[in-house]
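Examination of the molecular architecture
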Amino acid sequence: MRDLGVPVFTVGVGTDFTTDENMTNLAILSVDSPNVAYVNNSVSMTVSVGAFNVPERRKFARLRLLSGDEEIDAKNFRMPESGTVERVSMDFTPSSTGFNKYKLKLDTLSEESILRDNERDVYIDVREPRLRVLYIEGVLRSEYGFIRRTLETDPDVRITSLVRTRKDSFLLQGAKAEADLSRGLPDKEEDFESFDVVLLGDVPAATFREYQVKNLVKWVDEGHGLMMTGGHNAFYHGGWHETELARALPVRMSSRDAQVSDPLIVQLTPAGLNHPIFKGLDFSSAAMRDGKGALGGCSEPDGVKSGASVLAHGKTARGKKHILCAVHKFGSGRVAVFTGDTTGKANRELVGLGYKSPYPDFWSQMIRWLAGFDDMRKEKDVYLKLAMESRFVKAGSTVEIRSEVSDNKGKLTSTPSVELTVESPAGETSELSHSIDHKSLTGSASFAVSKVGLHKVSGVMTDAGGTELDRTEYYFLAGQPWLENSNLSLDEPSLKRLARETCGRYYNVVSAAQIPQDIARSRGKGVERVTVSLWNNPFVFLALLALLAIEWFVRRRKQLL
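Here is a short report on the structure shown in this document.

About the cut-offs
- Position numbers for residues count from 1 along each chain, tracking the sequence in the order it is written.
- Given that the model is predicted, a residue must reach a pLDDT of at least 70 before its local features are reported, and side-chain atom pairs must reach 80 or more before they are shown or counted; all residues, however, enter totals for whole chains, interfaces and linings.
- Note that water and hydrogens are dropped before the side-chain values are worked out from all heavy atoms of the structure.
- Paired strands, as defined in this entry, are two strands with at least two bridges between them according to DSSP.
- Here a helix means four or more residues in a row that DSSP labels H or I, a strand means two or more in a row labelled E, and each is numbered from the N terminus.
- Every axis in this analysis is a line fitted to C-alpha atoms, fitted for helices over the stretch in contact. Angles between the N-to-C directions lie between 0 and 180 degrees.
- Exposure categories follow from relative accessible area, calculated using a 1.4 Å probe and restricted to protein chains: below 20% of the type maximum is buried, above 50% is exposed, and the middle band is partly exposed.
- Orientation categories follow fixed angle ranges, with anything under 35 degrees roughly parallel, anything over 145 roughly antiparallel, 65 to 115 roughly perpendicular, and all other angles oblique.
- For any pair of crossing helices, the crossing counts as left-handed if the nearer helix is rotated counterclockwise from the farther one by less than a right angle, and right-handed if it is rotated clockwise.
- Residues count as neighbours in contact if any of their non-hydrogen atoms are within 4.5 Å of one another.
- Gly falls in the polar group here, along with every residue not listed as nonpolar (Ala, Val, Leu, Ile, Met, Phe, Trp, Tyr, Cys, Pro) or charged (Asp, Glu, Lys, Arg).

This paragraph deals with the sheet that holds strand β7 (residues 85-92). Strands sit in the order β2-β4-β7 across an open sheet of three strands; the sheet is antiparallel. Every interior strand has two partners, whereas the edge strands, β2 (25-32) and β7, have only one. Recorded for the sheet is a direction-independent mean angle of 30° between the axes of neighbouring strands.

Taken together, the three bridges between strand β3 (residues 36-38) and strand β9 (residues 119-127) define a ladder with parallel strand orientation. By the bridge assignment, V36 is partnered in β9 with D125. Pairing of strand β8 (residues 98-106) with β9 involves eight bridges; the strand directions are antiparallel. If you follow K105 over to β9, its bridge partner there is E119.

Time to look at unusual backbone geometry. Non-glycine residue N40 carries a positive phi angle of around 65°. Turning to its location among the elements, N40 is positioned in the loop between β3 and β4 (43-52). Since its relative accessible area comes to 54%, N40 is described here as exposed.

Pairing in this open sheet of five strands is mixed, and the strands run β24-β30-β29-β26-β27 from one edge to the other. Edge positions in the open sheet fall to β24 (392-393) and β27 (429-432), since each of these has one partner strand only. Across ten bridges, the pairing between strand β29 (residues 453-462) and strand β30 (residues 468-478) is antiparallel. Residue K456 lies in a different strand from β30, and its bridge partner there is Y475.

A few words on the packing of helix α1 (residues 142-152) against helix α6 (residues 359-370). At a closest axis distance of 9 Å, the pairing of α1 and α6 adopts a crossing angle of 70°. As judged from the angle between their axes, α1 and α6 are roughly perpendicular. α1 and α6 meet at a crossing whose hand is right-handed. For the pair α1 and α6, the contacting residues are E143, F146, I147, T150 and L151 in the first and Y359, P360, W363, S364 and I367 in the second. Residues belonging to the contact of α1 with α6 are distributed by class as follows: seven nonpolar, two polar and one charged.

Alignment of strand β26 (residues 417-423) against β27, held across four bridges, turns out to be antiparallel. The residue of β27 that forms the bridge with E423 is T429. In this antiparallel pair of consecutive strands, β26 and β27, the connection spans five residues, and G427 shows a positive phi of 90°.

Now for the environment of I277. Note that I277 resides in the loop between α3 (270-273) and α4 (286-289). Sequence separation of I277 and G479 is 202 residues, and the distance between their C-alpha atoms is 34 Å. Residue contacts for I277: discarding those within four places in its chain leaves L311, V327, F362, Q365, M366 and W369.

Next comes the structure, spelled out in structure tokens:
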């Protein structure tokens with residue numbers, strides 16, 4: 001405004017309760033809380049409470065945390081001195097997943113006249129419990145580093161990784177576990193309950209005691225997840241065919257097992273295309289068909305067992321296929337094998353050439369499937385899921401809303417239709433352009449966020465005949481809607497400075513009646529139109545004469561006269 005020459009007339013309304021001794025106020029100034037929490041796990045938040053001109057007889061205040069109408073935590077704390085801040089810690093354990101809204105309430109004082117800053121809404125994305133993974137490697141290889149880093153960056157995974165350095169000695173990295181891992185696998189049967197998934201890398205069976213392996217198999221049979229990856233000490237060559245674990249794997253092992261060293265292009269089977277492990281992952285891009293991001297080989301088992309599913313093959317340049325990924329149910333648990341051992345190298349090649357790599361998502365989705373994360377608390381055979389990178393976004397940004405159709409029992413006979421709408425905090429509804437890919441049963445839509453506050457995304461899935469199959473809702477928060485009530489005190493110095501810098505004036509409620517007359521007197525002072533005549537300017541005449549002379553000189557030299 002100052003650069004445009006437009007005067008600004010400001011009006012101060014309210015009271016600066018930080019200096020007015022007659023104005024008592026108790027306010028929630030800020031809240032430090034996590035954006036993401038996990039169901040049935042303790043959550044802590046720190047609330048900064050400010051007190052202004054509170055009578056000395058007030059010794060204590062009370063802060064309450066509500067979930068709906070239920071009080072889930074309350075703290076009595078000593079009233080801070082006037083003009084100071086007290087930090088109050090609130091603790092609770094969320095009992096349900098979703099984008100949960102909580103409300104903080106300060107018990108009001110009878111002397112208070114400003115009450116809006118005594119409350120604050122807090123939103124937390126409460127998810128399923130973090131998946132606890134135990135990853136054991138026999139050697140410090142490149143693949144170990146890639147898998148460990150990938151799972152460490154997954155917000156839903158808590159990984160404890162071990163690398164064998166010598167006999168009965170392991171290097172522990174990542175999250176520390178309560179179980180005794182001095183011998184690699186937990187030494188006690190009950191200690192296996194510290195994990196949801198065990199991932200065995202290139203590690204020979206002789207690394208562990210026989211009772212440890214038996215306890216592992218029993219643990220899987222009771223409903224947990226197990227995976228074995230390829231390597232020179234995996235499967236038959238690692239001696240696993242002589243252990244109890246052999247009956248838990250979905251592949252057969254024999255002395256005919258070989259180690260394939262040819263480059264392998266990942267090729268999904270019909271069963272793998274819509275399986276949760278590979279869903280939404282593009283292994284058929286032009287770059288990968290051309291051999292970029294190929295695996296450097298694999299272990300080759302003797303075949304798969306009855307009831308097991310082969311989800312992916314590794315295809316050589318000559319067209320020969322090798323089993324790459326196979327899965328099956330073992331008792332109440334899930335078991336997978338991935339015979340490759342160079343996904344990290346393939347990932348680096350794709351990223352280095354500027355292509356999107358499917359390998360990080362493959363490992364995250366593999367762990368989720370092994371833990372049963374894909375169908376936790378899912379009662380429907382066909383259902384629609386919506387997701388975003390984060391439920392907390394900036395106002396003015398463009399977000400991507402992802403959709404995924406899950407068909408647990410293969411009941412879909414055709415690709416369903418999905419309609420998405422977004423409702424803004426103001427109640428405005430926008431329909432999003434959206435379609436479902438018939439192979440991956442996934443889709444995405446973009447939405448430009450223009451409003452601050454809570455947005456609701458509604459998804460409706462129908463079959464080819466228009467029959468509704470499922471509907472779901474997803475919420476996300478744009479900006480910080482609580483900022484409006486974060487400081488209700490009159491900021492008179494800032495208003496005066498704005499008026500002064502733009503040649504305007506500052507008014508209070510009493511003197512504001514003078515604004516129309518002052519605006520009338522200042523009209524025309526802010527912007528002035530200036531007309532400059534160029535036709536009789538001597539500098540313009542000399543410049544024109546110089547240009548004509550240059551043209552004459554050039555034409556003469558080129559014999560164009």
